[in-house]
Amino acid sequence: MELPIPAQFRSSSEQMWPQGNSKICKIIEKYSAGIEELTREITQAIMKSFGVSKYYEESQHWGLLRMNYCDVPPQARGGLGPHTDHNLITVMYQDNSGGLELKTKLGGKWVDLKPLPDSFVVFTGDSLKAWSNGFIHSGIHRVVMSNKSPRVSLPYFFFFRDDAVVEAPPEFVDDHHPRLYTPFRYGDYKAYCKQIKSARCEHKEFFERESDEAFLENFLGTSTGRGNL
Ligand SMILES: O=C(O)CCC(=O)C(=O)O
Ligand SMILES: [Fe+2]
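Residues numbered from 1 in each chain as written. Chains lettered and ligands numbered in written order. Predicted model: local features only at pLDDT ≥ 70, side-chain atom pairs only at ≥ 80, totals over all residues. Heavy atoms only, no water.

- An unreviewed UniProt entry annotates the protein as Fe2OG dioxygenase domain-containing protein originating from Taxus chinensis.
- Note on the protein: under the UniProt heading Sequence similarities (unreviewed entry), the record states "Belongs to the iron/ascorbate-dependent oxidoreductase family." (UniProt positions renumbered as here; feature names shortened; annotations may be inferred.)

Some words on the pattern of salt bridges
Phase 1 of the analysis: Within this structure, the stated rule accounts for six salt bridges.
Phase 2 of the analysis: With a closest N to O distance of 2.7 Å, Glu-101 and Arg-142 form a salt bridge. Here Glu-101, found in strand E5 (residues 100–103), pairs with Arg-142, found in strand E8 (residues 141–146); they are 41 residues apart in sequence, far enough to count as distant. The pair formed by Glu-101 and Arg-142 is uniform in burial state, with each residue classed as buried.
Phase 3 of the analysis: For Glu-217, the salt bridge is made with Lys-129, and the minimal N-O distance between the two is 3.2 Å. (Salt bridge = Lys/Arg side-chain N within 4 Å of Asp/Glu carboxyl O. Helix = DSSP H or I, 4+ residues; strand = E, 2+ residues; numbered from the N terminus. Buried < 20%, exposed > 50% of the residue type's maximum accessible area, 1.4 Å probe, protein only.)

Looking at the sheet that holds strand E6 (residues 110–112)
Phase 1 of the analysis: Strands sit in the order E3-E8-E5-E6 across an open sheet of four strands; the sheet is antiparallel. Each edge of the open sheet is held by one strand with a lone partner, namely strand E3 (77–83) and E6. Going from strand to strand, the sheet's axes swing by 30° on average, the running direction of each strand aside.
Phase 2 of the analysis: Bridging between E5 and E8 involves three bridges; their strand directions are antiparallel. Across the sheet, Leu-102 pairs through a bridge with His-141, a residue of E8. (Pairing = 2+ DSSP bridges. Axes fitted to C-alpha atoms, helices over the stretch in contact; angles between N-to-C directions.)

Focus: the site of ligand 1
Phase 1 of the analysis: Near ligand 1 the following residues occur: Arg-66, Asn-68, Leu-80, His-83, Asp-85, Met-92, Leu-100, His-141, Val-143, Arg-151, Ser-153 and Phe-157.
Phase 2 of the analysis: Take Asp-85: an N or O atom from its side chain is 3.1 Å from an oxygen atom of ligand 1.
Phase 3 of the analysis: Relative to its unbound accessible surface of 300 Å², ligand 1 loses 93% to contact with the protein.
Phase 4 of the analysis: Only E3, E8 and strand E9 (151–160) provide two or more residues apiece to the shell around ligand 1.
Phase 5 of the analysis: Here the shell around ligand 1 is composed, by residue class, of five nonpolar, four polar and three charged. (Near = heavy atom within 4 Å. Polar contact = N/O pair within 3.5 Å; in protein donor to acceptor, adjacent residues only side chain to side chain. Areas by Shrake-Rupley, 256 points an atom, 1.4 Å probe, with all protein chains shown as cover. Nonpolar A, V, L, I, M, F, W, Y, C, P; charged D, E, K, R; others polar.)

Points about the coordination of the iron ion (ligand 2)
Phase 1 of the analysis: At the metal site, the iron ion (ligand 2) is ligated by His-83 (NE2), Asp-85 (OD) and His-141 (NE2), and these contacts range over 2.1 to 2.2 Å.
Phase 2 of the analysis: Counting along the primary sequence, the residues that act as donors to the iron ion (ligand 2) give the motif H-x1-D-x55-H. Residue Asp-85 is found in the loop between E3 and strand E4 (89–94), and its partner His-141 is found in strand E8; the two are separated by 56 residues along the sequence.
Phase 3 of the analysis: On the basis of relative accessibility, which here comes to 8%, the residue Asp-85 falls in the buried class.
Phase 4 of the analysis: You can call His-141 buried: its relative accessible area is 4%. (Donors = N, O, S within 2.8 Å, 3.2 Å for Na, K, Ca; no water.)

Some points on the packing of aromatic side chains
Phase 1 of the analysis: Tallied over the entire structure, the rule returns 15 aromatic pairs.
Phase 2 of the analysis: Measuring from centroid to centroid gives 6.2 Å for Tyr-55 and Trp-131, while their planes differ by 75°, and the two rings are edge-to-face. Highlighted residues: Tyr-55 in the loop between helix H2 (22–49) and strand E1 (61–65) and Trp-131 in helix H3 (residues 126–131), separated in sequence by 76 residues.
Phase 3 of the analysis: Look at Tyr-55 and you get partly exposed, because its relative accessible area is 29%.
Phase 4 of the analysis: Judged by relative accessible area, which is 8%, Trp-131 ranks as buried.
Phase 5 of the analysis: Here Phe-184 and Phe-219 contribute two aromatic rings whose centre-to-centre distance is 5.6 Å and whose plane-to-plane angle is 80°, an arrangement assigned as edge-to-face. Of the two residues, Phe-184 sits in strand E11 (residues 184–185) while Phe-219 sits in helix H5 (residues 215–222), which places them 35 residues apart along the sequence.
Phase 6 of the analysis: Taken together, the ring pairs in this structure connect Trp-62, Phe-157, Phe-159, Phe-184, Tyr-186, Tyr-189, Tyr-192, Phe-215 and Phe-219 into an aromatic cluster. (Phe/Tyr/Trp six-rings, centres within 6.5 Å; stacked < 30°, edge-to-face > 60°.)

Quick word on the environment of Asp-71
Phase 1 of the analysis: In this structure, Asp-71 sits in the loop between strand E2 (68–70) and E3.
Phase 2 of the analysis: A relative accessible area of 47% means that Asp-71 is categorised as partly exposed.
Phase 3 of the analysis: In sequence terms Asp-71 and Lys-148 are 77 residues apart; their C-alpha atoms lie 8.1 Å from each other.

What follows is the structure in structure tokens.
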């Protein structure tokens, strides 16, 4: 039986293989389905660990698989600048070429996330941070490449739907933990992040940036009610 190919994947595969490549399509489709299931389970397990799994709703979330190939010429420096992910969680396979680094929450030191066989890297993102009223940290990470072999990574990004309202449930809020983030529509936050990132790319700032990201705080602080409901 032929499984339907998601539209986004079909359009990029048509560009790469105009004559079609059903073998690779099937492999990636199978991988996407497996990683989606794993990601949903991880998300539910995180919520369960905070006693809030009743809020998990299958239909509220969706995911996207990206395939990265990063090759940097000898003597050059490249990769991906420091950032937090803006989604709920990212579950990523990385090959063994290395280069992925995470900034520690305390001390702000960069540490290598060394590739381990048969393992995935999981990043919790800004949406989960906001939804958990800051209980779940969204870690700053980057990819630093210099004179390394090309890097392949397959991040699976798991998102709220654009019209979902990101609002910490009452379990995360009490007298000792006041509400940190005004509820916002995920789609508004996504648009804000996209706009900042494309401006940075134009100014070639993206790779050089060393400063900490505070997208969420800036979005809520400066968005003159745009993200606030
Ligand atoms: O390619 C990598 O290893 C990192 C990718 C990443 O952090 C991202 O796309 O948000
Ligand atoms: Fe990332």
